[in-house]
Amino acid sequence: MKHLTIDPSTSGLPTKDHVATKPFPEAKTTKVHPSNAKEEDTNATLYFIGTATTILEWEGIRILTDPNFLHAGDHVHLGPGVSGTRQTNPAIDLEELPRIDAVLLSHYHEDHFDRLVEDKLRRELPIITTPHAKSCLEGKGKESFTAVHALDFFESLQVDVKDDGGVKQKKPSIKITGMPGKHVPPGPLSIANDILKAVPPTNGWMIELGYADGPEQFEDGYRIYISGDTLMVDELKEIPERYKGQNIDLMLIHLGGTTIPGPSMPLLMVTMDAKQGVQLMQLINPDLTIPIHYDDYDVFMSPLSDFKKAVLEAGLSDKVVYLDRKDQFKFNVRQSSGSGMGSESLLAEKLATQAV
Ligand SMILES: [Zn+2]
């Protein structure tokens, strides 16, 4: 397995334009998992910025997914003769990003990594992505990104979080595995796309937050599957097979039913619509699903209301949490009692904190 060590205390500023560290953005609404949990019993946060852009924060580490900070009216190029116009604004601007320790990029497409982001992100920021995106990000001459890590389908990278070296025997660790995805339906179009390289290859991700006490020792505490920009294809069936008996706590699903070349000529759907989204929920069977990437561009032709209706009809409403831009979701990463800091010491620590 590949390894990467991140020390949040040395991560630096996220963009070339930042002159000082910004605070973690304030949320409009906070939702928790499970819904009857108290916010103070959670230890991890997912903040929704817009499109597929989120900040995942846990144990002092922050991962930014698919950074897209364009505004309503801005355009993205999505392939030869294909463009999209943004309909929404991000919850925060690029300049307001707090400290970020790594970027997780599902594929090299402008609604996931826009030109502004590409110009401004600090070159040394670690980026975990597809082999295709790695070659693009490293092929920019003097402006190349210098810490890009590529993962193929089902290939894993263990991100070890460097902490203060305290009493904990097991260290916080994040296992990231590339999941299959297909942005173009199988068949002749897919073959043509392989030749034309119009729509880039895409990954999904399995993010496992947990603790490790050695290079290959890893204990999962919360498992998040991110679909990426995929259609509901046979390749996804391998995911529940590979994770049989392992609970998937949360799924972030890229919806929108992206249709190209565009609304005036809707020829080809390249991301899941409401119906496929529900099919994926049934296939993966996560405890909870949060839809993202659902209304930000004019080429997203399946609105969130369609998904809400399909979820209701499938009897799955209690399995979905809806986030608006600027909302956050809080959850608890489990830590086994053998993790060097058992529940008793955690409680003691919490009480000590409250007393201050
Ligand atoms: Zn997209």
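Our structure's up above, just so we're on the same page.
Per chain, residues are indexed from 1 in the order of the written sequence. The model is predicted, so local features are restricted to residues of pLDDT at least 70 and side-chain atom pairs to those at 80 or more, both for listing and for counting; the totals for chains, interfaces and linings are taken over all residues.

(A) How the structure looks around the environment of isoleucine 207. We count a stretch as a helix when DSSP gives it H or I for four or more residues in a row; a strand needs E for two or more, and each element gets its number in order from the N terminus. Here isoleucine 207 lies in strand S13 (residues 204-214). Taking the C-beta count within 10 Å as the criterion, isoleucine 207 has 22 such neighbours and is therefore assigned buried. Considered as a pair, isoleucine 207 and leucine 250 are 43 residues apart in the sequence and their alpha carbons are 9.8 Å apart. Contact criterion: two residues are in contact if their C-beta atoms, reconstructed from the backbone, are within 7 Å. Contact partners of isoleucine 207, with chain neighbours within four places excluded, come to Ile174, Ile176, Ile224 and Ile226. Neighbour counting defines burial: a residue surrounded by 20 or more other C-beta atoms within 10 Å of its own C-beta is buried, one with 12 or fewer is exposed, and intermediate counts give partly exposed, using backbone-placed C-beta atoms.

(B) Summary view of the pairing of strand S7 (residues 82-85). Two strands form a pair only when DSSP identifies at least two bridges running between them. Relative to S7, strand S6 (residues 75-79) is paired through four bridges, and the arrangement is antiparallel. For valine 76, the partnering residue across the bridge sits in S7 and is glycine 84.

(C) Representation of the sheet that holds strand S3 (residues 44-50) in the model. As summarised here, the arrangement of the eight strands in space is S2-S19-S3-S4-S5-S8-S9-S10, forming an open sheet in which the pairing is mixed. At either end of the open sheet lies a strand with only one pairing partner, and these are strand S2 (30-32) and strand S10 (148-150). Sheet twist, expressed as the mean angle between neighbouring strand axes with direction ignored, is 20°. Pairing of S3 with strand S19 (residues 328-331) involves four bridges; the strand directions are antiparallel. Looking across to S19, one finds that tyrosine 47 is bridged to glutamine 328. Between N-to-C directions, angles span 0 to 180 degrees; the directions come from axes that are lines fitted to C-alpha atoms, helices contributing only their stretch in contact.

(D) Local environment of unusual backbone geometry. The omega angle of the peptide bond from isoleucine 260 to proline 261 is 5°, so this bond is cis rather than trans. Along the chain, the position of proline 261 falls in strand S16 (residues 259-262). Of note, the phi angle at histidine 293 is positive, near 55°, even though the residue is not glycine. Note that histidine 293 resides in the loop between strand S18 (288-292) and helix H6 (304-313). Overall, the presence of 27 C-beta atoms within 10 Å leaves histidine 293 in the buried class.

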